[in-house]
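Structural description and commentary
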Amino acid sequence: MDVREQRQYLSELGIRLKTLRLARNDTMAVFAQRLRISAGTLRAMEHGTATVQIGAWVKALWVLDHLDDLNGVLAQKESLLEQARAPRTRSRQRASRRA
């Protein structure tokens, strides 16, 4: 991925953030205050600036109720070979006995 593609991706991400913010009918000032960031940082996020800290994006996803979307990022993936080698047996799980 070259720099131009990275900029395009961040720009699209910023547009989606702005769209979700506007759907909530939040001004930049109100939304930035909810995120505890400056309006300038929010503006940078919405313009796709690459220097915005990931923490600001996590806060935005949390406020917009999209934090679960990050679960798939960097998730370990099994290769097809590993899937084929995995045993197909299921082990039953039981609660421990209470005394």
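Refer to the preceding data block for the structure.
Scope of this entry: the structure provided in the associated data block. (Residues numbered from 1 in each chain as written. Predicted model: local features only at pLDDT ≥ 70, side-chain atom pairs only at ≥ 80, totals over all residues. Heavy atoms only, no water.)

Here the focus is the environment of glycine 48. Examined against the element boundaries, glycine 48 turns out to sit in the loop between α3 (39-46) and α4 (54-63). Spatially, the C-alpha atoms of glycine 48 and glutamate 12 are 7.3 Å apart, while their sequence positions differ by 36 residues. Once you skip the residues sitting within four places of it in the chain, glycine 48 turns out to touch Leu10 and Ser11. (Helix = DSSP H or I, 4+ residues; strand = E, 2+ residues; numbered from the N terminus. Contact = heavy atoms within 4.5 Å.)

Our next topic: a nonpolar patch on the surface. A surface patch of nonpolar side chains, amounting to about 500 Å² of accessible area, comprises Ile54, Val58, Leu70, Val73 and Leu74. Tracing the sequence through the fold places valine 58 in helix α4. (Patch = residues over 30% accessible without salt bridge, like charges linked within 9 Å, V, L, I, M, F, W, Y side chains within 5 Å. Areas by Shrake-Rupley, 256 points an atom, 1.4 Å probe, with all protein chains shown as cover. Salt bridge = Lys/Arg side-chain N within 4 Å of Asp/Glu carboxyl O.)

Structurally, arginine 21 is set in helix α1 (residues 3-23). Engagement of the side chain of arginine 21 in a polar contact is seen with the backbone oxygen of aspartate 26, the distance being 2.8 Å. (Polar contact = N/O pair within 3.5 Å; in protein donor to acceptor, adjacent residues only side chain to side chain.)

What follows deals with unusual backbone geometry. With a phi close to 65°, asparagine 25 is a non-glycine residue in the positive phi region. Mapped onto the elements of the fold, asparagine 25 is located in the loop between α1 and α2 (28-35). According to the relative accessible area criterion, asparagine 25 is exposed, its value standing at 69%. Despite not being glycine, aspartate 65 shows a phi value in the positive range, around 60°. With respect to the helices and strands, the residue aspartate 65 is situated in the loop between α4 and α5 (80-85). (Buried < 20%, exposed > 50% of the residue type's maximum accessible area, 1.4 Å probe, protein only.)

The biggest cluster of nonpolar side chains holds 14 residues, and the ones touching the most others in it are Leu17, Phe31, Leu35, Ile37, Leu42, Met45 and Val52. When residues of this core are traced back to their parent elements, those giving at least two are α2, α3 and α4. With 4 residues, the single largest contributor to this core is α4. (Core = buried A, V, L, I, M, F, W, Y, C linked by side-chain atoms within 4.5 Å.)

Counted at 1.5 Å a residue, the expected span for α1 with its 21 residues is 30 Å, and the 30 Å between its end C-alpha atoms agrees. Buried within α1 we find Gly14, Leu17 and Arg21. Taken end-on, α1 shows its buried residues confined to a sector of 60°, consistent with a single buried face. What points out from α1, more than 90 degrees from its buried face, is the exposed set Arg4 and Ala23. Contacts made by the buried residues of α1 are with α2, α3 and α4. (Expected span 1.5 Å × (residues − 1). Arc of directions from axis to C-beta.)

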